[in-house]
Amino acid sequence: FARLVILGCSLVLAVQALYSASDDVIELTQSNFNREVIQSDSLWLVEFYAPWCGHCRNLAPDWKKAATALKGIVKVGAVDADQHKSLGGQYGVRGFPTIKIFGANKNKPEEYQGGRSSQAIVDGAMNALRNLVKERLSGRSGGSDYKQSGGGGGSSGGNKKDVVELTDDNFDKLVLDSDDVWLVEFFAPWCGHCKNLEPEWAAAATAVKEQTKGKVRLGAVDATVHQGVSSRYGIRGFPTIKIFRKGEEPEDYQGGRTRGDIIEKALDLFSDNAPPPELLEILSEDVLKKTCEDSQLCIIAVLPHILDTGAAGRNSYLDVMMKMAEKYKKKMWGWLWTEAGAQMELESSLGIGGFGYPAMAAINTRKMKFALLRGSFSETGIHEFLRELSVGRGSTATLGGGVMPKLHTVEPWDGKDGQVSGNHIDIMVGMCSTACRLEDYDLSDVELDDFKDELSAFGLVWSGPVRSTSPLLWTNGRPGRPVTEILLKRHMRDTCGFSHHLVSHKEDRKEGRVCRVL
């Protein structure tokens, strides 16, 4: 039994310890990060990982190789972000592994976008090093604007300008009348603890401003000068930090005094008070670009055609998405949707293309990677999908050749049920699979002469029956290709100019389902 216990413990340790003292990877923690990285003149590559993360374990051998190759040139470190959560929160880490490059401006590390092999990591490090040297030669340090007003030296990793100076005159307007959340430090210039807190407060102010888009602010009141506001809140010692939320009584800040602690609290306050992200319809390329550029992930749903679900059905899908957006709002992801067939190139690049609606994908536009929802389009199914992604366990693929697909400008949904109008074509279709992959048309009840002239007016020609592996199809002279339900819809709407809709599977036959296209 004792041997089993020892074996079990050793296995746990093996999982926990991705890096050891014998490796050239420097172990970074909450206590040494500022000293080793922020106050260093060296270029750093830092991996934020979780010991249980499969992708992190796969990366570890190459990370060690790269560290050995770069020894004495570029420093390579690793943070167990599962253990040091505040460090991960400070730098916006929301998935594992995340690699950051700390170069000239340690306050604004760049996200590493290269490959995960040791050679790719080394190449990325050397490119970053060349850029750093060029900046120094040109006289641009890229460092922080912050300078401590007293006591101690070294880089703060923050900008003092991001700490709002609060006074008796502006306090009510800036803090009490604001919809934003405020963390306010009451200090005295002669206070030693206040001087120690100053660089941490400045660094936290800069990070919080960026990560919450200004929705959580950090301010400071010189309590020896502005005694009115200080006495109003019963300030008796320095520094005292209070949290202000509109319409609520202020509360005392009870957390740690490091930048990581302050940032972690600020992000918690942000997520508690922030509204859920807006769920937008993809009406143009700009909508996707603005939503996804500032988010680590964009969650995109492709919903069935309005004639398939009606307004009630569509709204039920949108309600599910809004609940998930609320649940994951702390992640600050973008949330988008489009109707099946409206953005065909996007569907194709995601491998959705014409069936399986509703569908969902999570896209990282920086890395041009995506993952597809494989479970049900429900709160349970989507929660499981997003939870796996958020801890680095999701299976990903490269987005359509590594470039964003072309997006079309479309009219917004009016919130109503769809209407079938205009010219209709009635065609009974046989041999349809579940995705309505059309293999043959039963035209026995259709008089082609009745609408040949009409179609010719659109520049279309009848392709005629073709091989059983391809559909019968109206084209504008280009070679036909197998048509899914949605491609047929798109073809007839955009090319033929007819209103149409796959109404139902009418009946089952030996050779397959019969579909009616209007």
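Residues numbered from 1 in each chain as written. Predicted model: local features only at pLDDT ≥ 70, side-chain atom pairs only at ≥ 80, totals over all residues. Heavy atoms only, no water.

In the annotation of an unreviewed UniProt entry, the protein chain is listed under the name Protein disulfide-isomerase A6 and assigned to Astatotilapia calliptera. As stated in UniProt under Subcellular location (unreviewed entry), the record for the protein chain gives "Endoplasmic reticulum lumen". Per its UniProt entry, the protein chain bears the Sequence similarities (unreviewed entry) comment "Belongs to the protein disulfide isomerase family." (UniProt positions renumbered as here; feature names shortened; annotations may be inferred.)

Peer 1: What's the story with the environment of Ser-390 in this structure? I'm lost.
Peer 2: As for its placement among the helices and strands, Ser-390 is situated in helix H13 (residues 379–390). Remark: the alpha-carbon pair of Ser-390 and Arg-94, spanning 296 residues in sequence, is separated by 6.4 Å. Excluding residues within four positions of it along the chain, Ser-390 makes contact with Arg-94, Gly-95, Lys-331 and Trp-333. (Helix = DSSP H or I, 4+ residues; strand = E, 2+ residues; numbered from the N terminus. Contact = heavy atoms within 4.5 Å.)

Peer 1: Any chance you could explain the pattern of salt bridges here in plain terms?
Peer 2: Pairing between side chains becomes possible if they bear opposite charge and their charged atoms approach one another. Using the criterion set out here, one finds 17 salt bridges in the structure. Lys-64 is paired through a salt bridge with Asp-23; the nearest N and O atoms lie 3.8 Å apart. Of this pair, Lys-64 sits in helix H3 (residues 54–69) while Asp-23 is found in the loop between helix H1 (2–16) and strand S1 (26–28), placing the two residues 41 residues apart along the sequence. Overall, the relative accessible area of 29% leaves Lys-64 in the partly exposed class. (Salt bridge = Lys/Arg side-chain N within 4 Å of Asp/Glu carboxyl O. Buried < 20%, exposed > 50% of the residue type's maximum accessible area, 1.4 Å probe, protein only.)

Peer 1: What is the right way to read H13 from this model?
Peer 2: Each turn of an α-helix holds 3.6 residues, which means side chains three or four residues apart point in the same direction. In a regular helix each residue adds 1.5 Å, so twelve residues correspond to 16 Å; H13 covers 16 Å between its end C-alpha atoms and thus fits that length. Regarding H13, the residues found buried are Gly-381, Ile-382, Phe-385, Leu-386, Leu-389 and Ser-390. An end-on view of H13 places all buried positions within 160 degrees of arc, on one side of the element. Summarising the contacts, the buried residues of H13 are in contact with strand S12 (298–303), helix H11 (306–327), strand S13 (334–339), strand S14 (359–364) and strand S15 (369–372). Residue Gly-392 follows H13 closely and has a positive phi angle near 80 degrees. (Expected span 1.5 Å × (residues − 1). Arc of directions from axis to C-beta.)

Peer 1: Please explain the sheet that holds strand S8 (residues 216–222) as it appears in this structure.
Peer 2: Hydrogen bonds between backbone atoms are what pair the strands of a sheet, whose relative direction is either parallel or antiparallel. Taken in spatial order, the five strands make up an open sheet running S6-S8-S7-S9-S10, and their pairing is mixed. On the outer flanks of this sheet lie strand S6 (164–166) and strand S10 (251–252), each paired with one strand and no other. In this structure, strand S7 (residues 181–187) lies alongside strand S9 (residues 240–244), joined through five bridges in antiparallel fashion. Paired with Val-184 across the bridge in S9 is Lys-242. Taken strand by strand, helix H9 (residues 259–273) contacts S7, S8 and S9, and its axis lies near 145 degrees from that of S7. (Pairing = 2+ DSSP bridges. Axes fitted to C-alpha atoms, helices over the stretch in contact; angles between N-to-C directions.)

Peer 1: Help me understand the confidence of the model for the protein chain in this model?
Peer 2: Low pLDDT means the predicted atomic positions in that stretch should not be read closely. Of all residues in the protein chain, 73% attain a pLDDT of 70 or more, and the chain-wide mean is 75. Across residues 142–156, confidence stays below pLDDT 50; counting only partners more than four residues off in sequence or on other chains, it has 33 contacts. The low-confidence segment residues 454–518 (pLDDT under 50) makes 158 contacts with residues lying over four places distant or belonging to another chain. (pLDDT = per-residue confidence, 0-100.)

Peer 1: What's the story with unusual backbone geometry in this structure? I'm lost.
Peer 2: Here the amide bond leading from Phe-96 into Pro-97 is cis, since omega sits at -10 degrees, within 30 degrees of zero. Locating Pro-97 in the fold gives a position in the loop between helix H4 (85–90) and strand S4 (98–102). Going from Phe-238 to Pro-239, the amide bond is cis rather than trans, its omega being -10 degrees. Mapped onto the secondary structure, Pro-239 falls in the loop between helix H8 (227–232) and S9. The phi dihedral of Met-368 falls on the positive side, at around 55 degrees, and the residue is not glycine. Take Met-368: it is sitting in the loop between S14 and S15. Residue classification places Met-368 among the buried positions, given a relative accessible area of 12%.

Peer 1: Can you help me understand the packing of H3 against helix H5 (residues 118–137) in this one?
Peer 2: Packed helices, taken two at a time, are described by the angle between their axes plus the distance between the axes. Where H3 meets H5, the closest approach of the two axes is 8 Å, and the angle between their N-to-C directions is 45 degrees. Judged by the angle between their axes, H3 and H5 are oblique. Judged by the sense of rotation from one axis to the other, the crossing of H3 with H5 is right-handed. Across the interface between the two elements, Leu-59, Asp-62, Trp-63, Lys-65, Ala-66 and Ala-69 of H3 pack against Ser-118, Ile-121 and Val-122 of H5. (Parallel < 35°, antiparallel > 145°, perpendicular 65-115°, else oblique. Left-handed = near helix turned anticlockwise from the far one by under 90°.)

Peer 1: Even after reading the chapter, I still don't get the packing of helix H7 (residues 192–211) against H9, so can you show me in this structure?
Peer 2: Close contact between H7 and H9 brings their axes to 8 Å; oriented N to C, the two are set at 35 degrees. Every pair of crossing elements has a handedness; the one defined by H7 and H9 is right-handed. Contact with H7, carried on its side by Leu-197, Pro-199, Glu-200, Trp-201, Ala-203, Ala-204, Ala-207, Val-208 and Gln-211, involves Arg-259, Ile-262, Ile-263, Ala-266 and Leu-267 of H9 and no other residues of that element. A breakdown of the residues in the contact of H7 with H9 according to their chemical character gives eleven nonpolar, one polar and two charged. (Nonpolar A, V, L, I, M, F, W, Y, C, P; charged D, E, K, R; others polar.)

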